[in-house]
Amino acid sequence: MIENGQLQGFISMLGTEVAALFVHPFSQRMGLGTRLLASQNALSLEVFEANAPARAFYAKHGFRQASTRRHEEAGLMLCCLTRAPISG
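Bear in mind that the values here come from a model prediction, so they are computed numbers and not experimental data. (Residues numbered from 1 in each chain as written. Predicted model: local features only at pLDDT ≥ 70, side-chain atom pairs only at ≥ 80, totals over all residues. Heavy atoms only, no water.)

Undergrad: Describe the overall build of the protein, naming the residues involved and giving the relevant values.
TA: Within the protein one finds two helices and seven strands. From first element to last, N terminus to C terminus, the protein shows the α and β order β-β-β-β-α-β-α-β-β. Relative to the compact-globule value of 12 Å for 88 residues, the protein shows a C-alpha radius of gyration of 13 Å, a close match. The proportion of buried residues among the 88 residues of the protein is 30%. Put simply, 45% of the contacts in the protein that link residues at least 6 apart link residues at least 24 apart. When the accessible area of the protein is evaluated, it comes to approximately 5900 Å², of which 54% is carbon and sulfur surface. Counting 8 positive and 6 negative side-chain charges, the protein places the centres of these two groups 11 Å from one another. (Helix = DSSP H or I, 4+ residues; strand = E, 2+ residues; numbered from the N terminus. Rg over C-alpha atoms; globule rule 2.2 N^0.38 Å. Buried < 20%, exposed > 50% of the residue type's maximum accessible area, 1.4 Å probe, protein only. Contact = heavy atoms within 4.5 Å. Areas by Shrake-Rupley, 256 points an atom, 1.4 Å probe, with all protein chains shown as cover. Lys, Arg positive; Asp, Glu negative; His and termini not counted. Charge placed at Lys NZ, Arg CZ, Asp CG, Glu CD.)

Undergrad: Give me the environment of Leu-7: which residues, what numbers.
TA: Structurally, Leu-7 is set in strand S2 (residues 6-7). A C-alpha to C-alpha distance of 11 Å links Leu-7 and Phe-26, two positions 19 residues apart in sequence. Apart from residues no more than four positions distant in its own chain, Leu-7 is found in contact with Met-1 and Ile-2.

Structure follows, in structure tokens:
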């Protein structure tokens, strides 16, 4: 997403899975992440368990924890989140 001529955020999808969603720190909490997420049919994603702000963001958008797994390279726990398709 470009605002004021600057890249402020992006979302990368693999089918209906969010592979990555990033918003520049100076642009966070301004609705950009919500707009990016709303622009896609996102039904699943993984987020580091320790990333409480991201987990809260996704919970606000209807994602619920389905399982956890260890990220092999980082050695940290991931939360596997899913949500029902949004109708309408």
